[in-house]
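Residue-level listing of the chains:
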Amino acid sequence: QKEVEQNSGPLSVPEGAIASLNCTYSDRGSQSFFWYRQYSGKSPELIMSIYSNGDKEDGRFTAQLNKASQYVSLLIRDSQPSDSATYLCAVRKDSSYKLIFGSGTRLLVRP
Amino acid sequence: EPEVTQTPSHQVTQMGQEVILRCVPISNHLYFYWYRQILGQKVEFLVSFYNNEISEKSEIFDDQFSVERPDGSNFTLKIRSTKLEDSAMYFCARQAVSTEAFFGQGTRLTVV
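Colleague: Whenever I open this one, the pattern of salt bridges confuses me. Can you help?
Modeller: When their charged atoms lie close together, side chains carrying opposite charge are able to pair. Counted according to the given criterion, the structure contains seven salt bridges over all chains. Residues Asp27 of chain A and Lys93 of chain A are paired through a salt bridge, measuring 3.2 Å at the closest nitrogen-oxygen approach. Remark: Lys93 of chain A occurs in strand β9 (residues 85-93) and Asp27 of chain A occurs in the loop between β3 (19-25) and β4 (30-38); sequence separation between them is 66 residues. Here Asp27 of chain A falls in the partly exposed class, since its relative accessible area comes to 26%. The closest approach of N and O atoms between Lys98 of chain A and Glu56 of chain B, which form a salt bridge, is 3.9 Å. Of the two residues, Lys98 of chain A sits in the loop between β9 and β10 (100-101) while Glu56 of chain B sits in strand β6 (residues 53-57), which places them in two different chains. Lys98 of chain A gets classed as partly exposed once you look at its relative accessible area, which sits at 24%.

Colleague: Would you explain the state of the cysteines in this entry?
Modeller: Covalently bonding the sulfur atom of one cysteine to the sulfur atom of another cysteine gives a disulfide. All told, the structure shown has two disulfides over all chains when counted by the stated rule. Two residues, Cys23 of chain A and Cys89 of chain A, share a disulfide whose sulfurs are 2.1 Å apart. The S-S bond linking Cys23 of chain A to Cys89 of chain A shows a torsion near -70°; that makes this disulfide left-handed. With Cys23 of chain A in strand β3 and Cys89 of chain A in strand β9, this pair connects stretches of sequence that are 66 residues apart. Residue Cys23 of chain A shares its accessibility class with Cys89 of chain A, and that shared class is buried. Covalent S-S linkage joins Cys23 of chain B and Cys92 of chain B, the inter-sulfur distance amounting to 1.9 Å. An S-S torsion of about -60° defines the bridge between Cys23 of chain B and Cys92 of chain B as left-handed. With a gap of 69 residues between them, Cys23 of chain B in strand β3 (residues 19-25) and Cys92 of chain B in strand β9 (residues 88-95) connect regions that are remote in the sequence. Assessed through its relative accessible area of 0%, Cys92 of chain B is described here as buried.

Colleague: Where do I start with the interface of chain A and chain B in this structure?
Modeller: Across the boundary between the two partners, chain A contributes 19 residues, which contact 21 residues of chain B. With both chains or domains summed, chain A and chain B bury close to 1600 Å², and 54% of this area falls on carbon and sulfur atoms. Area buried by chain A at its contact with chain B is led by Tyr97, Lys98 and Phe101 of chain A, which between them contribute 34% of it. Where chain A meets chain B, there are one salt bridge. Linking chain A with chain B are six residue pairs in polar contact (both at pLDDT 80 or more).

Colleague: Could you clarify how one ought to interpret the sheet that holds strand β8 (residues 71-76) of chain A in this entry?
Modeller: Hydrogen bonding along the main chain pairs the strands of a sheet, whether they run parallel or antiparallel. Overall, antiparallel pairing links the five strands, which are arranged β1-β3-β8-β7-β6 (chain A) in an open sheet. In this open sheet, the two edge strands, each paired with only one partner strand, are β1 (4-5) and β6 (54-58) of chain A.

Calculation rules
Residues numbered from 1 in each chain as written. Chains lettered and ligands numbered in written order. Predicted model: local features only at pLDDT ≥ 70, side-chain atom pairs only at ≥ 80, totals over all residues. Heavy atoms only, no water. Salt bridge = Lys/Arg side-chain N within 4 Å of Asp/Glu carboxyl O. Helix = DSSP H or I, 4+ residues; strand = E, 2+ residues; numbered from the N terminus. Buried < 20%, exposed > 50% of the residue type's maximum accessible area, 1.4 Å probe, protein only. Disulfide = S-S within 2.5 Å. Contact = heavy atoms within 4.5 Å. Buried area = accessible area lost by both parts, 1.4 Å probe. Polar contact = N/O pair within 3.5 Å; in protein donor to acceptor, adjacent residues only side chain to side chain. Pairing = 2+ DSSP bridges.

This is the structure we're talking about:
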C-alpha cells in the first residue's frame, strides 16, 4: 500500500469551474498535510498546509482534512488556465520532519 | 524571491564522476533537506540536516551520498561516483521546526 495516494489524472475542468483534488494516506501517525503545485520542470510550490480536521481556506483554495477517513483534499474555485499544473499531496508524520509525497494529480483547466 | 538558491541549475556529468550540488539559504535556518525527483516520478526524501549533522536519511541515501555545510552557509550534496540512475531533479528545502517546507528551484542532474 502506498503511503500517500493520488489519482494521477489528468483532471480536466473548464475555466471558472471548481477543481477537486483528492489524496489518501495510510499512516494514522501523519499529523501535517500539505498541498504543493508543480509546473513542468519546476520545483514544488507550497499552496496550503492543514493540521487539524475541517476546512482551511486561502483565497481560491480550500484544503479539507478528515483524519478518521485518512483523507485530505484541495478545492480550487474559479479555476484558471494558469492553475494547470501537477498538484502534489505531502504528509509528515509526528515522528519525523520529512515529507512523504504522493505521485501528484495533473490538472488541466480548459479556457 | 526564492527561500533557497540552488546551483547549478543544470549539471551534466559522466558516469563515475563526482558531483557537488549547492544550496544557499536566504535566511539562517537550521533544518535543511534534500529531495530528488526522477523524471515522471514522485518527489522522494533523501536526507535531513539539522544543526550541522544528519538527522534522518532514506534508503536512497547510501554511501555514495554525503551532505555537509562547509562554511556555515552553503549546504552541499555530494554524489561520489554517479550512476545513470542518479539522473534526476535535486531539490534543497528549508524548514523551521514543525512548519512548512520551501523548496529551491532545483538542480537538474544528467548522468551520461
